[in-house]
Amino acid sequence: MIHLHDISYLRLGCQNLSEMVEFATDILGLELRHKTDTHAYLRGDSSAYNICYIEGDADYDACAFEVRELSELDKAEKELAAEGITAKRATDEECEERQVNSALFFADPNGNRVELVYRPYQTGVRYFPGRDAGITEFGHFGLHTGDSERDIRFWTEVMSARVSDKIGEGALLRIDPVHHKIALFASEHTGVQHVNFQVASIDDVMRSWYFLQEKNVPIVFGPGRHPTSTAMFIYFLGPDKRVYEYSSGVKRITDEENHTPRQFEMAPTSFCMWGAKPNVDEFSE
Ligand SMILES: O=C/C=C/C(C(=O)O)=C(/O)C(=O)O
Ligand SMILES: [Fe+2]
C-alpha cells in the first residue's frame, strides 16, 4: 500500500494567467509567492504553494500528495506497475518546477493525473494575503470518478485513503484524522472537481458570502452545512469555471477503529442540512 502523508498541491491549467492571479489574490485570498510568464504559485499557508496555475491547456490538471520517505516512491512505482499503471520519475527540471525534492507521476484508473512528491518545499515566512478570507489551510480537493467502485478500491487499497462517508456513488476519503482530503464525485469528466480552502470560522464563510456577492462572483452552493463532515461552506466559480469552496469546522475522525462509513442518499439534503440547493453538476441527481 502507498502511504499518503498529506495533500500537497494542485497544478491547474488556465487560458489567462493574469486573470487567474487576480482572482486568486483579490477574491480567493491567496498569496502570490512566485510568477513566471507561464506559471503562478499561490498559497494559503506557509508552504511554498498550494496551487500552481499554468497558462496553456485549460483542461490540464494534476493533484499531488506528499509521501514521507523517498523509498515510498520506488515502492509506489512497483505497486502501481502491479496494477498495470505506468509511473514516471520526475526529472530534476520537473522537480524544480514543482519545488519538491523528488516526484513520481502517474494517472489513477479514471485518468486523473496524480503526483507523489517527497519533500515539497516549505517556507519560514508566514502566509500574508492581500485579502483576508480567513484561510487556515489548503483543505481538500474533489476528483472526478467514472466508476466509483473501481476508484474507491484504488484509493483505499492501492493508496492509503479510507472511506469516511459516501453520498450516492460519491465518497469522502481521509488520509489522516481530517474527515476528508479527497472527495470522489461521479461524472464523465476527469481531473479536479473542486478546490477547498478551510477558513477559521463561520464568520469567515458568511463574510465571504457578502463579499463574493458584492464582487459578482457566481455562488453555486451555500452558505450551508454538510451533514457528512459537519463543515459550514460556500462554493463559487472562478474565471476558469472551476468550483472553489471555503469551509469551516470539518470533523476529525479520531476513533479510527470504530468508525463506520455512512451511506448518504443522493439528495440535496445529503449535501446541505440547512436546505441550500447545489448548482454543481456532480452534487445533483
Ligand atoms: O456533503 C457532501 C460534500 C462534502 C464536501 C465536499 O464537497 O467535498 C465537503 O467539503 C464536506 O463535507 O466538508
Ligand atoms: Fe468540499
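Rules used throughout
Residues numbered from 1 in each chain as written. Chains lettered and ligands numbered in written order. Predicted model: local features only at pLDDT ≥ 70, side-chain atom pairs only at ≥ 80, totals over all residues. Heavy atoms only, no water. Pairing = 2+ DSSP bridges. Helix = DSSP H or I, 4+ residues; strand = E, 2+ residues; numbered from the N terminus. Axes fitted to C-alpha atoms, helices over the stretch in contact; angles between N-to-C directions. Phe/Tyr/Trp six-rings, centres within 6.5 Å; stacked < 30°, edge-to-face > 60°. Buried < 20%, exposed > 50% of the residue type's maximum accessible area, 1.4 Å probe, protein only. Lys NZ or Arg CZ within 6 Å of the ring centre and 35° of its normal. UniProt positions renumbered as here; feature names shortened; annotations may be inferred. 1 Å grid on protein atoms, 1.4 Å probe; cavity = no way out; pocket = protein on both sides within 12 Å on 5 of 7 lines; lining within 4 Å. Points joined across faces, edges and corners; volume = space filled by probe spheres on them. Near = heavy atom within 4 Å. Areas by Shrake-Rupley, 256 points an atom, 1.4 Å probe, with all protein chains shown as cover. Nonpolar A, V, L, I, M, F, W, Y, C, P; charged D, E, K, R; others polar. Core = buried A, V, L, I, M, F, W, Y, C linked by side-chain atoms within 4.5 Å. Domains from an automatic or database assignment. Contact = heavy atoms within 4.5 Å. Donors = N, O, S within 2.8 Å, 3.2 Å for Na, K, Ca; no water. Tetrahedral: all angles 85-135°; square planar, octahedral: opposite > 155°, others 65-115°.

What about the sheet that holds strand 16 (residues 243-248)?
Right, so step 1: Sheet architecture is open: 9 strands sit in the order 14-15-16-13-9-12-11-10-17, paired in mixed fashion. The open sheet has two free edges, formed respectively by strand 14 (219-225) and strand 17 (262-264), since each of these has just one partner strand. On average, each strand axis in the sheet is tilted by 20 degrees relative to the strand beside it, whichever way the strands run.
Right, so step 2: Taken together, the 7 bridges between strand 9 (residues 135-145) and strand 13 (residues 192-199) define a ladder with antiparallel strand orientation. By the bridge assignment for strand 13, L143 is matched with V192.

Things to note about unusual backbone geometry
Right, so step 1: For the bond from G222 to P223, the omega torsion is 5 degrees, close enough to zero to count as cis.
Right, so step 2: Assignment of secondary structure puts P223 in strand 14.
Right, so step 3: Within the chain, K241 stands out as a residue other than glycine whose phi angle is a positive 65 degrees.
Right, so step 4: Here K241 lies in the loop between strand 15 (232-237) and strand 16.

Things to note about the packing of aromatic side chains
Right, so step 1: Across all of its chains, the model carries 21 aromatic pairs by this definition.
Right, so step 2: Considering the side-chain rings of F65 and F141, the 5.6 Å spacing of their centres and the 65 degrees angle between planes classify their relative orientation as edge-to-face. Of this pair, F65 sits in strand 5 (residues 61-67) while F141 sits in strand 9; the two residues are 76 residues apart in sequence, bridging distant segments of the chain. Per residue, the accessibility class of F65 equals that of F141, and both read buried.
Right, so step 3: Taken together, the ring pairs in this structure connect F65, F106, F138, F141, F154, W155 and F197 into an aromatic cluster.
Right, so step 4: Above the ring of F211, the side-chain terminus of R131 is found at 3.8 Å from the ring centroid.

Considering the UniProt feature "domain: VOC" (unreviewed entry) in the protein
Right, so step 1: Using the residue numbers shown here, the UniProt feature "domain: VOC" (unreviewed entry) corresponds to residues 6-119 and 137-249.
Right, so step 2: The span residues 6-119 is 27% helix and 42% strand, and its two end C-alpha atoms sit 11 Å from each other.
Right, so step 3: As a span, residues 137-249 carries 21% helix and 46% strand, and end to end its C-alpha atoms are 12 Å apart.

A look at empty space enclosed by the protein
Right, so step 1: Overall, the coordinates contain 1 cavity of 30 Å³ or more when judged by the stated rule.
Right, so step 2: The calculated volume of the largest cavity comes to roughly 80 Å³.
Right, so step 3: Together, H140, I167, L172, H180, F185, H194, H226, T228, Y235, E245, F271 and F283 line the largest cavity.

Comments concerning the site of ligand 1
Right, so step 1: Around ligand 1, the structure places 15 residues, and the nearest of them are H180, H226, S229, Y235 and E245.
Right, so step 2: Burial of ligand 1 by the protein amounts to 100% of the accessible area it has alone, namely 340 Å².
Right, so step 3: Looking at the shell around ligand 1 residue by residue, the classes come out as 7 nonpolar, 7 polar and 1 charged.

Quick word on the nonpolar core
Buried together is how nonpolar side chains tend to be arranged in soluble globular proteins.
Right, so step 1: Core analysis: the largest hydrophobic core is formed by 61 residues, its most contacted members being Y53, F65, L116, W155 and Y244.
Right, so step 2: Element by element, the count of residues in this core is highest for helix 1 (residues 17-28), at 7 residues.
Right, so step 3: A domain split of this core shows at least three residues from each of domain 1 (6-120) and domain 2 (135-283).
Right, so step 4: The contact partners of Y244, leaving out residues within four places of it in the chain, are L12, M20, F23, L28, I51, Y53, V195, I234, Y235, F236, L237 and G238.

Quick word on the coordination of the iron ion (ligand 2)
Right, so step 1: Protein coordination at the iron ion (ligand 2): the donors are H140 (NE2), H194 (NE2) and E245 (OE), at 2.0 to 2.2 Å from the metal.
Right, so step 2: Taken together, the 6 donor atoms coordinating the iron ion (ligand 2) and their angles of 51 to 169 degrees define a geometry best described as irregular.
Right, so step 3: Site description for the iron ion (ligand 2): donor spacing in sequence, H-x53-H-x50-E. Highlighted residues: H194 in strand 13 and E245 in strand 16, separated in sequence by 51 residues.
Right, so step 4: Taking relative accessible area as the criterion, H194 reaches 2% and is therefore assigned buried.
Right, so step 5: On the basis of relative accessibility, which here comes to 1%, the residue E245 falls in the buried class.

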